[in-house]
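# Close look at the chain arrangement
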Protein chains: 6
Amino acid sequence: MSTIHRKVSEIARDIAEMKIRGAGNIARHAAQALVTTARNSKAKKPSDLLADLESATKLLLRTRPTAVSLPNSIRYVMSRAHTGHEQHLKLKALRKLIIDTGNTFIQNSAQAVGQIGEIGARRIEDGDSIMTHCNSAAATAIFTTAFKQGKSFNVFVCETRPRYQGRITAQELSQAGIPTSLIVDSAAHSFMTKMDKAIVGADTIAANGAVVNKIGTSMVALAAHESRVLFFVAAETYKFSPETMLGQLVHIEERDTSEVISNKERTAMPHLIVRNPAFDITPPHHIDLIITEKGIISPQAAITIIQQEFGSTRTDELMKYQTKPRD
Amino acid sequence: MSTIHRKVSEIARDIAEMKIRGAGNIARHAAQALVTTARNSKAKKPSDLLADLESATKLLLRTRPTAVSLPNSIRYVMSRAHTGHEQHLKLKALRKLIIDTGNTFIQNSAQAVGQIGEIGARRIEDGDSIMTHCNSAAATAIFTTAFKQGKSFNVFVCETRPRYQGRITAQELSQAGIPTSLIVDSAAHSFMTKMDKAIVGADTIAANGAVVNKIGTSMVALAAHESRVLFFVAAETYKFSPETMLGQLVHIEERDTSEVISNKERTAMPHLIVRNPAFDITPPHHIDLIITEKGIISPQAAITIIQQEFGSTRTDELMKYQTKPRD
Amino acid sequence: MSTIHRKVSEIARDIAEMKIRGAGNIARHAAQALVTTARNSKAKKPSDLLADLESATKLLLRTRPTAVSLPNSIRYVMSRAHTGHEQHLKLKALRKLIIDTGNTFIQNSAQAVGQIGEIGARRIEDGDSIMTHCNSAAATAIFTTAFKQGKSFNVFVCETRPRYQGRITAQELSQAGIPTSLIVDSAAHSFMTKMDKAIVGADTIAANGAVVNKIGTSMVALAAHESRVLFFVAAETYKFSPETMLGQLVHIEERDTSEVISNKERTAMPHLIVRNPAFDITPPHHIDLIITEKGIISPQAAITIIQQEFGSTRTDELMKYQTKPRD
Amino acid sequence: MSTIHRKVSEIARDIAEMKIRGAGNIARHAAQALVTTARNSKAKKPSDLLADLESATKLLLRTRPTAVSLPNSIRYVMSRAHTGHEQHLKLKALRKLIIDTGNTFIQNSAQAVGQIGEIGARRIEDGDSIMTHCNSAAATAIFTTAFKQGKSFNVFVCETRPRYQGRITAQELSQAGIPTSLIVDSAAHSFMTKMDKAIVGADTIAANGAVVNKIGTSMVALAAHESRVLFFVAAETYKFSPETMLGQLVHIEERDTSEVISNKERTAMPHLIVRNPAFDITPPHHIDLIITEKGIISPQAAITIIQQEFGSTRTDELMKYQTKPRD
Amino acid sequence: MSTIHRKVSEIARDIAEMKIRGAGNIARHAAQALVTTARNSKAKKPSDLLADLESATKLLLRTRPTAVSLPNSIRYVMSRAHTGHEQHLKLKALRKLIIDTGNTFIQNSAQAVGQIGEIGARRIEDGDSIMTHCNSAAATAIFTTAFKQGKSFNVFVCETRPRYQGRITAQELSQAGIPTSLIVDSAAHSFMTKMDKAIVGADTIAANGAVVNKIGTSMVALAAHESRVLFFVAAETYKFSPETMLGQLVHIEERDTSEVISNKERTAMPHLIVRNPAFDITPPHHIDLIITEKGIISPQAAITIIQQEFGSTRTDELMKYQTKPRD
Amino acid sequence: MSTIHRKVSEIARDIAEMKIRGAGNIARHAAQALVTTARNSKAKKPSDLLADLESATKLLLRTRPTAVSLPNSIRYVMSRAHTGHEQHLKLKALRKLIIDTGNTFIQNSAQAVGQIGEIGARRIEDGDSIMTHCNSAAATAIFTTAFKQGKSFNVFVCETRPRYQGRITAQELSQAGIPTSLIVDSAAHSFMTKMDKAIVGADTIAANGAVVNKIGTSMVALAAHESRVLFFVAAETYKFSPETMLGQLVHIEERDTSEVISNKERTAMPHLIVRNPAFDITPPHHIDLIITEKGIISPQAAITIIQQEFGSTRTDELMKYQTKPRD
């Protein structure tokens, strides 16, 4: 039987207590926990080393039930570890493979936003008007990279009710010197006819290329599609959800109603229900391209990313490495 | 030469000073001014009576440059007056025609919202979920009429940023006992797939059936169209714009930017422009029906309403009775 | 007080007892009843004559609650009678107007199918493949007229489950010598790509141009639209429903489930519900043209037919002359 | 020269004489024949073993000219056998590879319907109304799996003229306790607006994601697409056709016309042709997802399945292992 | 019996011999011929006057078999003449009515292009890029009127193979000082995404709003529709075809093949056919507006123009006043 | 340090001086240059051999800045060379791998057009009418292969202004005996409704399946899409652009304006600009299939080709092997 290394337990606890936050950051710490486990394992044979890793993954998968990046980092490492084991790697070689793989994931993940910025910036042309919604590090990286390259363009930002994350984007872009316009969300369709592109981030990407992102994203995508404006999604590969390949639906959380209307104001409305879903789903046929750090793909090719990154041809493992409710 | 009756001058002044407000109310007072003019005219022959009326119209058309209902009430009366004159009506008969016509317009206009409520309520069925946007007396009349008839349905109301008129609608409907849900505007597309219909009001309707209404309306219409949900516009006939038949474009006003973001918050955003158009334009092919007090029409048949109500086959008169900037 | 002429009572009874059948036939007999009433009325003044006619209409409207042609024949006559009365026609002239109007309606109605055949046949070209559905006298008239003119074309007939009316059409056309193919309904989309046109009849046409017709019609229309094949509806003007202008919905009857599956076979299916609607609704944007005896119109111009034929600018009368449940 | 093992000849004969039936069953027996060949081969060197297998494949490919699953099972085994040979596997290792590969295919194939049931059931949600067409083991597995999981939903089944396979589905589902509605095929569009999803099986899937299935499937897909209802195809991977990658068209058979109308009834219809294609083709842009036992894919990613399962990057082999007319 | 006035015979001959050319010019001369006939008629009673006019129309209708404007001018006058006769006008009044009506048509027609220029120019906005095709007086009038009003815009002109009429337009606009770009026809779709509007003329407009115009027009319309660019047709009312209401199809002429490729160059191409249709048909759903001198209409409202201008509710007369082959 | 073999320098010079022309030919010579380099390299260890090859690639990539096939042939060889090096191949084995790989590319490339002809010909059916545009060896191969197989079909060729390459195609096809029709480009939409398919070639294919080809291609594709006609692109795999995966846009060159209108004729047009882009971009959703020598793919699966052929999962190498401006 394996014992969990103290450092791994600490990482798991910090993720659970939200001391480690942010999709990329969580993913990198989980990979680090596997590297640490491999490095410190007292296993005498390959199967024992794998058993130690499996123990670590169980602990990690219980920390944060809804994160998509955490199981993906584990799948990235474990699918390669299992393949190595099946190829009869000896203990030392298997340990090295796991450590190298974990470090590769950590490095790739840390560079992902920057690379998306580089790749996406190539698609921005002088004179472009571009709409965005909510606040996405990857989308912002594209804008700032292109701006630093001297390209001349302007961005329309939807305010993103109910929590106004669009204002954060507007501040970031405008302080970077990019000409920026702020509009209410429902004006997106009106202004879309004057846009050349729309670029947003993603929370989760399903196997068929559907994108789960902040409420309103699907409406911006619909307006772009209707106005024949290119719609790009900027997303790190660890946001692709292998579970969806096996039918799993992405859960859409509803947030507190006071974000929409104050409880006080509601007292005058006896039969009123307030609905406040945090996300919506943009179907693949309203998306022109997904920009990842591995390159640009059609949304319909999302499955290619999932298979290449997370070894998802091994469908049995896909369901094993899912997040679980905590004990 | 004619002199303007004192009562007419008062009406014109009250319209100009916004003591008389609301599209229907303005239209009825303008018609009343023509009735008063006809009644008090000292004209000795038909052409003099018409001259007196023309003087009154000139005064009225200068009071409120952007109202669509005001010139329509004048066109309603004057197109019939001119036809009567061409048919060689004698002074007495012409005077009677004008007074009767003015009173008919006043009566029709006063009953319009109620009749739209009756007609539109027939389209609501038990079990319907219906989306609405902003705050429209005609749309609300449909909901409350159907509810009083015992129909069981619920309404989703978009909050209608930036001024939240949707909250007023939510309050009206919920206080009337109708099950009502409030959502942010950008959630309209997400919830649309669960709707059976969408019903909104109108500010102005163009000759080709395009509808000018509160910002966000065209986005709700687009979402309804995409989700194959019926989209109805409830509008009194005096909101149809005969000028658009002759090419005139409907002007879309931009309102104060502080409605979108406080000036204080903007100080941190050096390159930020705020765009705040009050209205948007919904194209006819995204509208299934327009519900008027004269019955239900396809948007493409808008020209039929314009011709029947405002005598617009007389294209010369269409341009004569336009609102003008005040002296 | 008026008394109903014996002949009128007989007509009403024969309609109620379905001795008089078929949309056109019912309409003509109702018009005849009004002519008879006008001819035999003992009225001494115009208003009494109208009162006699109103009594007759009440009797007629109670005979067949769902017919669309019956109230239309009454509206055709009565809207013109009321207009005549408002123009102060004397008794004799009014009586003549009513008799002439009734006879005109009867004559037009009797010739309608033939004229539709003439007009529609002009749209058939040598080499055409044309799909049809169910069994419609007007559609068949188009095919046989064109064939008699020597045009060379072939017709694909959907069998029209559950009652196989398509087989009747197939028999009529094939016996007339027209090359005819019979297919199951669900093959309509497969063969549509090889068609040049699709032509069907109508049960009722709504004010916005939507067409109520035999179940499956909307699917043929959808397939035609998807395959960019022209879709024509052949319909006599008395099938246009003025009530729909005022919001009335067309009721879709569900027929006996044994038409779909025998009761015996159903006994093996414990949780089975059988749904058997007789009609469906084809939206106007899937219809290219409606061919009436008054000419070809866009479906969006349906309101023009309603206003010209049934005087529907008089919205008060529209609702008065509706069919009512029998006493 | 190789000789065919007696057991292989028996399998080939049983397939040809339809004693072995059903796409999956045929495929598994063909794979078994290759395993048997490998096990009993008297080959002295790897190339001789391959020669024995090639002889067996020739025999098998001549048994059933139109089956898609039979050549696929052969391709599955032979593409891996050839790769092994190219990697210079020794005789023993190659034999083992072939036996293991054949057994893997047999096992995967036997579990495929069950796994599709598991994966597809995750997509069914409480309250769903779902349409289906014809009778598909894979689609039925999804419904019954979801129902056993306690999900509450109902299914609308199209009767599927001309052979009414929909009644079989209706009986299976309703006897399983699932609330089931039966409709005529042409009512699919009418009821589609009330559906949340549509799920059907497949006969063959082309390289571009087009689906060949029972006549009427493409019409249900079109109606689902028009009504913005999700359309899923449930299909085992051995139904994907590698030949289509190289341009081969899928042949659509026409069945006996007496299925559509009895020969007796036809005697009255001199110029009548009856068309009775057994299948139709649903284009990929009308399909949202294909549910395979390997997971869910976009139809546009069908080529990924073909390449992974049948080694289709080896285009020369694709055409070699095609079914051929029997000697 | 009536005799044709010498002046009428001269007009007919000049039209036939193409001394009188151009749609508007022909129409005005035909109306003038009727005025002349009415003025010089020796008729003693109204029916004789009408008989004289009918003789003149027969002569005129035989002069130019394919002109749409010629029968329209006749219908304009004759439908009003017949209505006057039915209203029992006396000889003198009827004669005056005919003369006045003819002169009104002549005056309206002469001013039509100018008025279309005025109306259409209101739709051009500063900064617009507008595409046009072929050479149309009405479209050019819109551009030059807007330019004289000081509006700043530019026009993209398709060269309009095979006869390069676009070069004439390019010359007219560029010589007027309007910034003009010339492109090959097949580049229309590429540049359309940068356009705000497209404006073309018309040869004939059908009752359902379909527009027959120079080959390539339907492709520009399709590209505009796809790119969500507004597509306007500028057309005088006498180009609307009442015959199409009664099913008549518009004949599309094929012109000499040497316009496409020289006969010499063709000699090297043994199996080559050259197809050279002069016109194509743009369907109404690809047209946003039709700009006539009577105002702007939806294409679906084309029937309204036909009925108001040419009295087409009198369907019997529609077919009577068709052009006929010359004796 | 490496020295470039004389033969490699000659190849580079011949490419630069356009003695070596044509996408396939250039690609094959570049691969040959690498084979030559590998064969003649004096390297003592694998890394030196790779260094020699890198020197050769640098020279080759500077010869022709806009060719897409040249860097692809280099990527084909070099991605496999690097993989071999990473797998610790010894010098001899690595040299062999490079030579074999280069020769494989040369062979595949030389056979590509023929194989596309074979594959594409399977999609042509008796009775087909097929449209094509410009002049493409791959598309022509499909037509002539199918014709030699005895298939009966005809081809419509757009003349392809401004340089009339369609006439070359018309001559090739008609001289081969295929019934061929020539039309002006703007007639493509008119005739498309009579077509069964459209097949064109490609200049470059982007990672998302968008196709860059001769101006007018996107318009033919749009017309095919609108008319529900299948649109196929025939393209060798070396025309797929891996750079586009990393965001690179394909540059669209504008050619001399005198191709559109002679400079002399332009002198009369003072404000005229002539725009003459050589290519346009067809979006993937207007393309049904891409026919490559490796088989048929959905455009959305373009990335699969890129990854399999050019090792593009190695994104760092993708950008390294780009064409560069010459020293």
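Look above for the structure.
All values derive from a computational prediction rather than experimental measurement.

Analysis parameters
Within each chain, residue numbers correspond to sequence positions counted from 1 in written order. Whichever chain is written first is A, and whichever ligand is written first is 1; the rest continue in order. Whole-chain, interface and lining totals are the exception, using all residues; otherwise, since this is a predicted model, local features are given only for residues with pLDDT of at least 70 and side-chain atom pairs are given and counted only at 80 or more. Water and hydrogen atoms play no part in the side-chain values, which are based on all heavy atoms of the structure. Helical segments are the DSSP runs of H or I of at least four residues, strand segments are the runs of E of at least two, and each set is numbered from the N terminus. Radius of gyration here is computed from C-alpha atoms only, and the compact-globule reference equals 2.2 Å multiplied by the residue count raised to the power 0.38. Accessible area is worked out with a 1.4 Å probe on protein chains only. A residue is then buried under 20% of its type maximum, exposed over 50%, and partly exposed in between. Any two residues having at least one pair of non-hydrogen atoms within 4.5 Å are treated as being in contact. Accessible surface is estimated by sampling points in the Shrake-Rupley manner with a 1.4 Å probe; for residues, cover comes only from the protein chains shown. Positive charge is attributed to Lys and Arg, negative charge to Asp and Glu, and no charge count is given to His or to the chain ends. Where a charge sits is defined by one atom per residue type, namely NZ (Lys), CZ (Arg), CG (Asp) or CD (Glu). Think of each axis as a best-fit line through the C-alpha atoms, taken over the contacting stretch in the case of a helix, with angles from 0 to 180 degrees between the N-to-C directions. Should the near helix be turned anticlockwise from the far one by less than a right angle, the crossing is left-handed, and should it be turned clockwise, the crossing is right-handed. When residues are grouped by polarity, Ala, Val, Leu, Ile, Met, Phe, Trp, Tyr, Cys and Pro land in nonpolar, Asp, Glu, Lys and Arg in charged, and all others, Gly among them, in polar. Buried area, as used here, totals the accessible surface that two parts lose on assembly, with accessibility defined by a 1.4 Å probe and the loss added over both. By definition, a salt bridge exists where a carboxyl oxygen of Asp or Glu is found within 4 Å of a side-chain nitrogen of Lys or Arg. Definition of a polar contact: a pair of N or O atoms within 3.5 Å, with one able to donate and the other able to accept a hydrogen when the atoms are protein atoms, and with sequence-neighbouring residues admitted only if both atoms are side-chain atoms. All copies are superposed by least squares; the fitting set is the C-alpha atoms of residues with a pLDDT of at least 70 in both. Only when DSSP finds a minimum of two bridges between them are two strands counted as paired. We call a set of buried Ala, Val, Leu, Ile, Met, Phe, Trp, Tyr and Cys residues a nonpolar core when their side-chain atoms join them within 4.5 Å. Throughout this description, any angle smaller than 35 degrees is read as roughly parallel, any larger than 145 degrees as roughly antiparallel, any in the 65 to 115 degree range as roughly perpendicular, and the remainder as oblique. Crossovers are described as right-handed under a simple rule: with the strands pointing away from the observer, the path leading from the first strand over the helix to the second runs clockwise.

Helix and strand counts for chain A come out as 12 helices and 11 strands. For 327 residues, the compact-globule estimate of 2.2 N^0.38 gives 20 Å, and the C-alpha radius of gyration of chain A, at 21 Å, lies within 12% of that figure. Here the C-alpha coordinates of chain A stretch approximately 65 × 55 × 35 Å along the principal axes. Relative to its full complement of 327 residues, chain A shows a buried share of 64%. The long-range share in chain A, meaning contacts at least 24 apart out of those at least 6 apart in sequence, stands at 77%. Within the structure as shown, chain A displays about 12,100 Å² of accessible surface, and the carbon and sulfur contribution to it stands at 51%. Seen as two clouds, the 40 positive and the 32 negative side-chain charges of chain A have centres 7 Å apart.

We now examine the packing of helix α2 (residues 23–40) of chain C against helix α4 (residues 69–86) of chain C. Residue and element names in this part refer to chain C. Relative orientation of the contacting elements α2 and α4 amounts to 35°, with a least axis distance of 8 Å. Handedness of the α2/α4 crossing: right-handed. Here α2 contributes Ala 23, Ile 26, Ala 27, Ala 30, Ala 31 and Leu 34 to the contact with α4, which in turn contributes Ser 69, Leu 70, Ser 73, Ile 74, Val 77 and Met 78. Of the residues that constitute the contact of α2 with α4, the class distribution is 10 nonpolar, two polar and no charged.

Here we come to the interface of chain E and chain B. Contact residues are listed per partner, giving 14 residues for chain E and 14 residues for chain B. Both sides together, the interface formed by chain E and chain B hides about 1,200 Å², and carbon and sulfur atoms give 53% of it. Across the chain E-chain B interface, the total number found is zero salt bridges. Our count for the contact surface shared by chain E and chain B stands at six residue pairs in polar contact (both at pLDDT 80 or more). Residue assignment for the side of chain E that touches chain B shows that the elements contributing at least two residues are β11 (295–297) and α11 (302–310) of chain E. A breakdown of the residues in the side of chain E that touches chain B according to their chemical character gives five nonpolar, five polar and four charged.

Mapping chain E onto chain B calls for a screw motion: a turn of 120° about the axis and a shift of 0.0 Å along it, with 0.0 Å RMSD after fitting. Here the symmetry operator amounts to a three-fold rotation axis. Looking at chain E, a mere 7% of its interface residues are interface residues in chain B too, so the copies touch through different faces.

Attention shifts here to the sheet that holds strand β6 (residues 211–214) of chain F. Residue and element names in this part refer to chain F. With antiparallel pairing, three strands are arranged side by side in an open sheet as β5-β6-β9. Edge positions in the open sheet fall to β5 (204–205) and β9 (279–282), since each of these has one partner strand only. When β6 meets β9, the two strands line up antiparallel, connected through four bridges. Looking across to β9, one finds that Asn 213 is bridged to Asp 280. Most of the contacts of helix α9 (residues 217–226) go to β9, to which it runs at about 30°, and overall it touches β6 and β9.

On to the nonpolar core. In terms of nonpolar packing, the biggest core is built from 588 residues, with Met 131 of chain A, Met 131 of chain B, Met 131 of chain C, Met 131 of chain D, Met 131 of chain E together with Met 131 of chain F touching the most fellow members. In this structure, Met 131 of chain C is in contact with Phe 156, Cys 158, Ile 183, Ala 188, Phe 191, Met 192, Met 195, Lys 197, Ala 198, Ile 199 and Val 220 of chain C, ignoring residues within four places of it in sequence. The next biggest cluster of nonpolar side chains, apart from the first, holds 29 residues, and it includes Ala 30, Ala 33, Leu 34 and Ile 98 of chain F.

The interface of chain B with chain A comprises 47 residues on the first partner and 47 residues on the second. Around 4,000 Å² of area is buried between chain B and chain A when both sides are counted, 63% of it from carbon and sulfur atoms. Put simply, chain B and chain A have four salt bridges between them. In this structure, the salt-bridge partner of Glu 159 of chain A is Arg 161 of chain B, at a minimum N-O distance of 2.5 Å. Summed over the shared surface of chain B and chain A, the result is 19 residue pairs in polar contact (both at pLDDT 80 or more). Among the elements that line the side of chain B that touches chain A, the one with the most residues is helix α9 (residues 217–226) of chain B, at six residues. For the side of chain B that touches chain A, a count of residues per class yields 26 nonpolar, 13 polar and eight charged. When strand β8 (residues 272–274) of chain A meets strand β3 (residues 180–183) of chain B, the two strands line up parallel, connected through three bridges.

Further remarks concern the sheet that holds strand β3 (residues 180–183) of chain F. Ordered by their spatial adjacency, eight strands build an open sheet running β8(E)-β3(F)-β2(F)-β1(F)-β4(F)-β7(F)-β10(F)-β11(F), and the pairing between neighbours is mixed. Pairing within the sheet leaves two strands with one partner each, and these edge strands are β8 (272–274) of chain E together with β11 (295–297) of chain F. Within this sheet the neighbouring strands show an average axis-to-axis angle of 25°, counted without direction. Alignment of strand β7 (residues 230–234) of chain F against strand β10 (residues 289–292) of chain F, held across three bridges, turns out to be parallel. Across the sheet, the residue bridging to Ala 234 of chain F is Ile 291 of chain F, located in β10 of chain F. Of the strands in this sheet, β7, β10 and β11 of chain F are in contact with helix α5 (residues 91–121) of chain F, which crosses β10 of chain F at around 135°.

So, on to the pairing of strand β4 (residues 197–200) of chain D. All names here are of chain D. Of the two faces of β4, the one lined by Lys 197 and Ile 199 and the one lined by Ala 198 and Val 200 are each fully buried. The pairing of strand β1 (residues 129–133) with β4 spans two bridges and is classified as parallel. Directly across from Ile 130, in β4, lies its bridge partner Lys 197. Where β4 lies against strand β7 (residues 230–234), four bridges are found, and the strand directions are parallel. Bridge pairing in β7 places Ile 199 opposite Phe 232.

With that out of the way, let us pick up the relation of the copies chain B and chain A. When chain B is fitted to chain A, the residual RMSD is 0.0 Å, and the transformation amounts to a turn of 180° plus an axial shift of 0.0 Å. In short, the pair behaves as if placed about a two-fold rotation axis. Interface residue correspondence from chain B to chain A reaches 100%, placing this contact among same-surface, isologous pairings.

Residue and element names in this part refer to chain C. Judged by how many residues are buried, helix α9 (residues 217–226) sits mostly within the fold: nine of 10 residues are covered. Buried within α9 are the following residues: Thr 217, Ser 218, Met 219, Val 220, Ala 221, Leu 222, Ala 223, Ala 224 and Glu 226. In the segment just after α9, Arg 228 is the residue with positive phi, at about 55°.

Further remarks concern the pattern of salt bridges. Inspection of the entire model under this criterion finds 96 salt bridges over all chains. A salt bridge links Asp 100 of chain C to Lys 96 of chain C; the shortest N-O distance between them is 2.6 Å. Placement of the pair is Asp 100 of chain C and Lys 96 of chain C together in helix α5 (residues 91–121), with a separation of four residues, close to one helical turn. It is possible to trace a salt-bridge network through shared partners that takes in Glu 125, Asp 128 and Lys 197 of chain A.

Moving on: the arrangement of the chains. Taking C-alpha atoms only, the smallest gap left between chain D and chain E, which are not in contact, amounts to 18 Å. Of all C-alpha pairs spanning chain B and chain F, none lies closer than 18 Å, and the two are not in contact.

On to the packing of helix α4 (residues 69–86) of chain B against helix α11 (residues 302–310) of chain B. All names here are of chain B. Interaxial distance between α4 and α11 falls to 8 Å at its minimum, and their mutual angle equals 60°. Between α4 and α11, the angle falls in the class oblique. Here α4 contributes Asn 72, Arg 75, Tyr 76, Ser 79 and Arg 80 to the contact with α11, which in turn contributes Gln 308, Glu 309 and Phe 310.

Within a regular strand, the side chains alternate between the two sheet faces. All names here are of chain C. For strand β2 (residues 154–158), the tally of buried residues reaches four of five residues, placing the bulk of the element in the interior. Each parallel crossover has a hand, and the one from strand β1 (residues 129–133) via helix α6 (residues 137–148) to β2 is right-handed. Inspection of the sheet shows β2 paired to strand β3 (residues 180–183) by four bridges, in the parallel sense. Residue pairing across strands places Cys 158 opposite Ile 183, the latter belonging to β3. Since β2 and β3 lie parallel, the crossover through helix α7 (residues 165–175) that links them has a hand, and here it is right-handed.

Residue and element names in this part refer to chain D. Of all the nine residues making up helix α11 (residues 302–310), eight are buried; the element is thus mostly covered by neighbouring parts of the structure. Residues of α11 that are buried include every one of Ala 302, Ile 303, Thr 304, Ile 305, Ile 306, Gln 307, Glu 309 and Phe 310, and no others. Once α11 finishes, Gly 311 follows within two positions and takes phi at roughly 55°, a positive value.

The values reported here are purely geometric and, on their own, carry no functional implication.
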